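# Close look at the chain arrangement
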Amino acid sequence: MKLLQSVQFALTVRVESIAAFTDSTIVLCWLSSEPKRWQIFVANRVSKIQNILPRENWFHVPSALNPADLTSRGLSPSKLKDNILWWSGPNTKELQEKREIPSVQVSEVELEQKVVCALTSRNSFWTIINKFSSHSKMIRSLSIWRRYFHNLRSRIHGEDIICGPLTSQELTDTNIQVIRAIQAECFADDIRRLKGKQKLSNTSRIKDLCPYIDELDILRVEGRIENAQISSSQKHPAILPNKHTFSKLIADRVHRETCHGGPQLMLYTIRQEYWPLTEDWTLQKLLVVDASGVFDATHNPCSKLWEICLPIDYDSQEHLTKWE
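Summarised in this report is the structure supplied together with it.

Procedures and definitions
- Residues numbered from 1 in each chain as written.
- Predicted model: local features only at pLDDT ≥ 70, side-chain atom pairs only at ≥ 80, totals over all residues.
- Heavy atoms only, no water.
- Helix = DSSP H or I, 4+ residues; strand = E, 2+ residues; numbered from the N terminus.
- Buried < 20%, exposed > 50% of the residue type's maximum accessible area, 1.4 Å probe, protein only.
- Contact = heavy atoms within 4.5 Å.
- Areas by Shrake-Rupley, 256 points an atom, 1.4 Å probe, with all protein chains shown as cover.
- Salt bridge = Lys/Arg side-chain N within 4 Å of Asp/Glu carboxyl O.
- Axes fitted to C-alpha atoms, helices over the stretch in contact; angles between N-to-C directions.
- Left-handed = near helix turned anticlockwise from the far one by under 90°.
- Nonpolar A, V, L, I, M, F, W, Y, C, P; charged D, E, K, R; others polar.
- Parallel < 35°, antiparallel > 145°, perpendicular 65-115°, else oblique.
- Core = buried A, V, L, I, M, F, W, Y, C linked by side-chain atoms within 4.5 Å.
- Phe/Tyr/Trp six-rings, centres within 6.5 Å; stacked < 30°, edge-to-face > 60°.
- Lys NZ or Arg CZ within 6 Å of the ring centre and 35° of its normal.
- Polar contact = N/O pair within 3.5 Å; in protein donor to acceptor, adjacent residues only side chain to side chain.
- Patch = residues over 30% accessible without salt bridge, like charges linked within 9 Å, V, L, I, M, F, W, Y side chains within 5 Å.

On to the overall build of the protein, then. Within the protein one finds 18 helices and 6 strands. Taken over 324 residues, the protein has a buried fraction of 30%. Sequence separation of 24 or more characterises 55% of the internal contacts of the protein that already satisfy a separation of 6 or more. Of the roughly 22800 Å² that the protein leaves accessible, carbon and sulfur atoms contribute 55%.

Right, dumping it as structure tokens:
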């Protein structure tokens, strides 16, 4: 095609039309379709050829009438000097009769067709979770998306959509969905064995917790306080994996809710709903980060309360000495 462009540019006469010939029926089929149908290598060259010369200017030439085949297939110089096809080209009348494209089986062409497939990544959900630094923000954001998709389905089926602020039930359902997805990934073998009423393997990390699956498909601790007057989540907390982003967000939320409490207070509060595995590393890490300046021990909340409840005259050294 570069040679065709160079010759056309060098000619000083006006060219009314151009006819190009090839003996490859596959190439003609490529040129007859959109470049995007083919693989990258073929699509790029088909696009360049079509930009220079449209498909209607391309014709088929049999191999017996193609001068280019003489040298590509090998021809001695003694035979080449007397070859009329090489020096004069094919007979015009014969070429006109045989330039129609022969029928080509579709399977021969579709071998080069580009196959486009959609892949679903298992880690797409966890990529979204890793973008959040707060458990409450994550649950609220995912709840908004769940409502959005619910409203889309409702509109398709002509049902009523949900409007207004998020409800506590929506937030609870989202949290359950997240826990179920996390457990399905981290405890897949344990869940499969429990559903099949099989014994957990000796290498299971949760075999000592006597786990079971509740009616919501949540993996929980069996426990031995069934008759205690406490909530069901306290009796049977949901099991969380070690060093998971969701576990970190839960620990961070509890850390703030307990006013930057110590490890024991945090662990007690977390176990009201969840049972994290090997939790010490998470709690200690939060305490180390917190010591960088989030909590200032000099601003004791008890001292503020004491100042409000007791009318002290700070100008009086007597009162200060008395209360000291």
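Moving on, there is more to tell.
Quick look at the pattern of salt bridges now. Throughout the structure, instances matching the rule amount to 8 salt bridges. As a salt-bridge pair, Arg-147 and Glu-170 come within 2.7 Å of each other at their nearest N and O atoms. Placement of the pair is Arg-147 in helix α10 (residues 135–156) and Glu-170 in helix α11 (residues 168–186), with a sequence separation of 23 residues. Judged by its relative accessible area of 15%, Glu-170 is buried. Residues participating in the shared-partner salt-bridge network are Asp-189, Arg-192 and Arg-193.

With that out of the way, let us pick up the packing of helix α14 (residues 245–257) against helix α15 (residues 263–270). Orientation of α14 relative to α15, taken along the N-to-C sense of each, is 115°, at an axis distance of 10 Å. In the packing of α14 onto α15, the handedness of the crossing is right-handed. Within the contact between the two elements, α14 uses Ile-250, Ala-251, Val-254 and His-255 and α15 uses Met-266, Thr-269 and Ile-270. Classifying every residue of the contact of α14 with α15 by side-chain character gives 5 nonpolar, 2 polar and no charged.

Relative orientation of the contacting elements α10 and α11 amounts to 100°, with a least axis distance of 9 Å. In terms of axis orientation, α10 runs roughly perpendicular to α11. Residues His-135, Met-138, Ile-139, Arg-140, Leu-142, Ser-143, Arg-146 and Arg-147 of α10 form the contact with α11, whose own contacting residues are Glu-170, Leu-171, Asp-173, Thr-174, Asn-175, Gln-177 and Val-178. Of the residues assigned to the contact of α10 with α11, the class counts are 5 nonpolar, 5 polar and 5 charged.

For the rest of this paragraph, the subject is the environment of Val-61. With respect to the helices and strands, Val-61 occurs in the loop between β2 (58–60) and α4 (68–72). Exposure remark for Val-61: the relative accessible area of 4% places this residue in the buried category. Residues Val-61 and Thr-22, spaced 39 residues apart in sequence, show a C-alpha to C-alpha distance of 5.6 Å.

In this structure, Met-138, Val-178, Ile-179, Phe-246, Ile-250, Ile-270 and Tyr-274 are the most contacted members of the largest nonpolar core, which totals 19 residues. For this core, the secondary-structure elements that each account for two or more residues are α10, α11, β5 (238–240), α14 and α15. The element best represented in this core is α14, accounting for 5 residues. Setting aside residues no more than four positions away along its own chain, Ile-179 makes contact with Ile-218, Ala-238, Phe-246 and Tyr-274. In terms of nonpolar packing, the next biggest core, distinct from the first, is built from 11 residues, Ile-18, Val-42, Ile-49 and Trp-58 among them.

On inspection of all chains with the given rule, the structure shows 4 aromatic pairs. Here Trp-145 and Tyr-148 contribute two aromatic rings whose centre-to-centre distance is 5.9 Å and whose plane-to-plane angle is 85°, an arrangement assigned as edge-to-face. Pair noted here: Trp-145 and Tyr-148 are both in helix α10, with a separation of 3 residues, about one helical turn. Ring pairs connect the aromatic residues Trp-145, Tyr-148 and Phe-149, which therefore count as one cluster. Its end group placed over the ring of Phe-41, Arg-45 keeps NZ or CZ at 3.9 Å from the ring centre. Lying across the ring of Trp-275, Arg-271 places its NZ or CZ 3.9 Å from the centre.

Residue position: Thr-22 is located in strand β1 (residues 20–22). Within the structure, the side chain of Thr-22 is placed 3.2 Å from the backbone nitrogen of Ser-24, a separation counted as a polar contact. Sequence-distant contacts of Thr-22, defined by excluding residues within four places in its chain, comprise Leu-28, Trp-58, Phe-59, His-60 and Val-61.

Time to look at a nonpolar patch on the surface. Taken together, the side chains of Leu-3, Val-7, Leu-11, Val-13 and Val-15 present a nonpolar region at the surface, about 450 Å² in accessible area. When you line up the elements, Leu-11 lands in the loop between α1 (2–10) and β1. Residue Leu-11 is classed as partly exposed on the basis of its relative accessible area, which comes to 43%.

On to the environment of Gln-198, then. Relative to the helices and strands, Gln-198 resides in the loop between α12 (188–195) and β3 (211–213). What Gln-198 contacts, discounting residues up to four positions off in sequence, is Arg-192 and Arg-193.

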